[in-house]
Amino acid sequence: MTGRRPDLADELLRRKAADQHAHGVREHGLVAPDLDGMRTVDAENTTALKRITAEYGWPGRTLVGEEAADAAWLLVQHADADPDYQQHALALLRDAVLRGEAEPRHLAYLTDRCLVHRGEPQLYGTQYVTDEQGLRPHPVADPDKLDARRADVGLRPQAEYDARIRKDY
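What you see is a predicted model; the values in this text were computed from it and never measured.

Chemist: Would you take a moment to explain the overall build of the protein for this structure?
Modeler: Each helix and strand counted, the protein has eight helices and four strands in total. For the protein, the C-alpha radius of gyration of 16 Å lies close to 15 Å, the compact-globule estimate for 169 residues. Each principal axis of the C-alpha distribution contributes one length, and for the protein these read about 45 × 35 × 30 Å. Counting all 169 residues of the protein, 43% fall into the buried class. Here the analysis covers contacts within the protein between residues at least 6 apart in sequence; of these, 55% occur between residues at least 24 apart. For the protein, the exposed surface amounts to about 9200 Å²; the carbon and sulfur share of it is 52%.

Chemist: Could you clarify how one ought to interpret the nonpolar core in this entry?
Modeler: Generally speaking, nonpolar side chains in soluble globular proteins are found buried as a group. Counting 34 residues, the largest nonpolar core has Leu12, Leu49, Trp58, Val64, Val76, Leu93 and Leu110 as the members making the most contacts within it. For this core, the secondary structure elements donating two or more residues are helix H1 (6-22), helix H2 (35-56), helix H3 (61-64), helix H4 (66-77), helix H5 (83-98), helix H6 (104-117) and helix H8 (158-168). Ranked by residue count, the leading element in this core is H4, at eight residues. Not counting the four nearest positions on each side in its chain, tryptophan 58 is found in contact with Thr53, Ala72, Trp73, Val76, Ala89, Leu92, Leu93, Ala96 and Ala102.

Chemist: Any chance you could explain the pattern of salt bridges here in plain terms?
Modeler: Oppositely charged side chains may form a pair once their charged atoms are brought near each other. Applying the stated criterion across every chain, the model contains 14 salt bridges. With its nearest N and O atoms 2.5 Å apart, the salt bridge here joins arginine 51 to glutamate 11. Remark: glutamate 11 occurs in helix H1 and arginine 51 occurs in helix H2; sequence separation between them is 40 residues. According to the relative accessible area criterion, arginine 51 is partly exposed, its value standing at 42%.

Chemist: Is there a simple way to explain the pairing of strand E4 (residues 134-137) in this structure?
Modeler: Two faces, one strand: in a regular strand the side chains alternate between the faces of the sheet. Pairing between strand E3 (residues 128-131) and E4: four bridges, direction antiparallel. Counted as the bridge partner of valine 129 is arginine 136 from E4. Counted between consecutive antiparallel strands, the loop separating E3 from E4 contains two residues.

Chemist: Would you mind showing me how to read H2 here?
Modeler: With 22 residues, H2 extends 31 Å between its outermost C-alpha atoms, agreeing within 8% with the 32 Å of an ideal straight helix rising 1.5 Å per residue. Inspection of H2 places Met38, Val41, Asp42, Asn45, Thr46, Ala48, Leu49, Ile52 and Thr53 among the buried residues, and these make up the whole buried set. Contacts from the buried residues of H2 go to H1, H4 and H5. After H2 finishes, the residue glycine 57 shows a positive phi value of roughly 80°.

What counts and how
Numbers given for residues are sequential positions, taken from 1 along each chain in its written order. Two thresholds apply to this predicted model, a pLDDT of at least 70 for residue-level local features and 80 or more for giving and counting side-chain atom pairs, whereas whole-chain, interface and lining totals are computed over all residues. The basis for every side-chain value is the complete set of non-hydrogen atoms in the structure, without hydrogens or water. Numbering of helices and strands starts at the N terminus; helices are DSSP runs of H or I of at least 4 residues and strands are runs of E of at least 2. Just to be clear, the radius of gyration here is over C-alpha atoms, and the globule rule we use is 2.2 Å times residues to the power 0.38. Exposure categories follow from relative accessible area, calculated using a 1.4 Å probe and restricted to protein chains: below 20% of the type maximum is buried, above 50% is exposed, and the middle band is partly exposed. We call two residues contacting when some pair of their heavy atoms lies within 4.5 Å. Only the protein chains shown count as cover for residues, and all accessible areas are computed by the Shrake-Rupley method using a 1.4 Å probe. Here the nonpolar core consists of buried residues drawn from Ala, Val, Leu, Ile, Met, Phe, Trp, Tyr and Cys, with membership extended through side-chain atoms lying within 4.5 Å. A pairing counts as a salt bridge when a side-chain nitrogen of Lys or Arg comes within 4 Å of a carboxyl oxygen of Asp or Glu. Only strands joined by at least two bridges in the DSSP assignment are considered to pair. To estimate how far a helix should reach, multiply one less than its number of residues by 1.5 Å.

Printed below as a string of structure tokens:
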């Protein structure tokens with residue numbers, strides 16, 4: 001589906017491609033990212049997303065189409081250098097989900113990202129860290145209800161997600 005603003009959709013998709021290249025994501029797997037290049041691309045993408053959201057609100061399905069709306073979510077996920085903006089975008093994304101303009105699973109990922117930035121336990125188990133203990137999820141609030149929360153937003157059970165993360169990384 002194409003949205004009302006194909007120019008914005010094109011920009012978001014171009015920025016997603018640059019993001020994926022900078023973050024070391026390639027067609028056939030992951031490679032080590034160029035950290036300086038990654039930070040530069042993330043900063044440029046964050047600036048662009050701030051401009052877009054200031055003018056249009058969250059770039060949802062109606063405005064930019066499904067694929068570009070997904071791209072916007074990925075860009076805000078990687079706006080880690082600006083956690084205040086991520087928090088602002090979280091509110092915009094929450095509203096977009098309520099209006100059917102964005103995916104609930106995207107809201108889950110950004111919610112976890114913002115919680116982790118604040119040093120709080122995540123709700124959906126989407127955020128991982130690699131440290132002296134190896135690859136592991138950041139702490140999760142109420143882990144006994146984790147899979148139920150994940151199912152509510154269209155995410156696979158944590159065990160399946162964990163296996164995929166470990167395979168990919």
